[in-house]
Amino acid sequence: MVQPLIRFAGAVTALCVLVACAATRPRGGEDEWQATLAVLATSDLHGNVLGFDYYRRREDPTVGFDRVATLVAQARARYADTLLVDNGDTIQGTPLADWQARVQPPACEDRLAIHVAMDHVGYDAGTLGNHEFNYGLPFLSQVAGVPFDDGQADCRGPGFPLLLSNLVHADDGRPLLPPPCCWSVSCMRATRKARSSASPSASAWSRWRRRAS
């Protein structure tokens, strides 16, 4: 199995999704109407499935995806149309995450605990942060459910697409992740695309971290 070499290409852009969609008929029309799409986003989950401090061995009400799930449910109850996206730095950051990466990695047909929780809530898309690369490319390829190179197994990843448009093979520029994702937005009768790009500093951060360790 050949480990791919990667680079971050292009300029820095943010995750671009539809913040709100609205269509209004000409002013003065009796049948003027408007629709709203609420975009919900999480960031830096860092493997915190539960609100628990593993170092102090006690509950921690300041963290935990279980609490995030409650907020998502409240937002969905308020807005009829929503998209739920994740900004990355998702799979690393707790002893649970380290245990799944270093001690007992999930089988090819299984998912990470944080991905199981996110699938239960129902995400539409996500992206990768710099910490997704902390455990190496083979592990990331497996848990993302995307073979990065020929010969790698096509394992089960999260139930939503992971987007990163400037993560490419260093040799030929081929993208390692699928192309931008599209949704059909009924309130505008159109299709909107979402794409994500990583900052070039992500690779610099990883190099610094390897030297520091």
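Residues numbered from 1 in each chain as written. Predicted model: local features only at pLDDT ≥ 70, side-chain atom pairs only at ≥ 80, totals over all residues. Heavy atoms only, no water.

Student: I'd like to hear about the environment of Ile114, residue by residue, with values.
Tutor: The topology assignment puts Ile114 in helix H3 (residues 113–121). Separated by 69 residues in sequence, Ile114 and Leu45 have C-alpha atoms that sit 8.5 Å apart. (Helix = DSSP H or I, 4+ residues; strand = E, 2+ residues; numbered from the N terminus.)

Student: I'd like a description of the nonpolar core, backed by residues and values.
Tutor: Across soluble globular proteins, nonpolar side chains show a tendency to be buried alongside one another. In this structure, Phe65, Ile91, Ile114, Leu128 and Leu177 are the most contacted members of the largest nonpolar core, which totals 32 residues. Secondary-structure elements contributing two or more residues to this core are helix H1 (65–78), helix H2 (95–103), H3 and helix H4 (137–144). If you tally residues by element for this core, the top one is H4, at 5 residues. Not counting the four nearest positions on each side in its chain, Phe65 is found in contact with Leu45, Asn48, Val49, Leu50, Ile114, Ala117, Met118, Val121 and Tyr123. (Core = buried A, V, L, I, M, F, W, Y, C linked by side-chain atoms within 4.5 Å. Buried < 20%, exposed > 50% of the residue type's maximum accessible area, 1.4 Å probe, protein only. Contact = heavy atoms within 4.5 Å.)

Student: Which residues make up the side chain of Gln92, and what values do they have?
Tutor: Of note, Gln92 is situated in the loop between strand S5 (82–86) and H2. In terms of polar contacts, Gln92 uses its side chain to reach the side chain of His131, at 3.3 Å. (Polar contact = N/O pair within 3.5 Å; in protein donor to acceptor, adjacent residues only side chain to side chain.)

Student: So what about the state of the cysteines? Which residues, and what values?
Tutor: Across all of its chains, the model carries 1 disulfide by this definition. Here Cys108 connects covalently by a disulfide to Cys155, the sulfurs 2.1 Å from one another. Its torsion about the S-S bond being -110 degrees, the disulfide of Cys108 and Cys155 is classed as left-handed. Of this pair, Cys108 sits in the loop between H2 and H3 while Cys155 sits in the loop between H4 and strand S7 (162–163); the two residues are 47 residues apart in sequence, bridging distant segments of the chain. Under the relative-accessibility criterion, Cys108 is labelled partly exposed at 30%. (Disulfide = S-S within 2.5 Å.)

Student: How would you summarise the sheet that holds S5 if you had to cite specific residues and measurements?
Tutor: The parallel open sheet is built from 4 strands, whose spatial order is S2-S5-S6-S7. Here the strands that pair on one side only, and so sit at the sheet edges, are strand S2 (38–42) and S7. Here 5 bridges tie S2 to S5, and the two strands are oriented parallel to one another. Opposite Ala38, over in S5, you have Thr82 as the bridge partner. Those strands touched by H1 are S2 and S5, and its axis lies near 175 degrees from that of S2. (Pairing = 2+ DSSP bridges. Axes fitted to C-alpha atoms, helices over the stretch in contact; angles between N-to-C directions.)

Everything listed here is a matter of geometry and, on its own, says nothing about what the molecule does.
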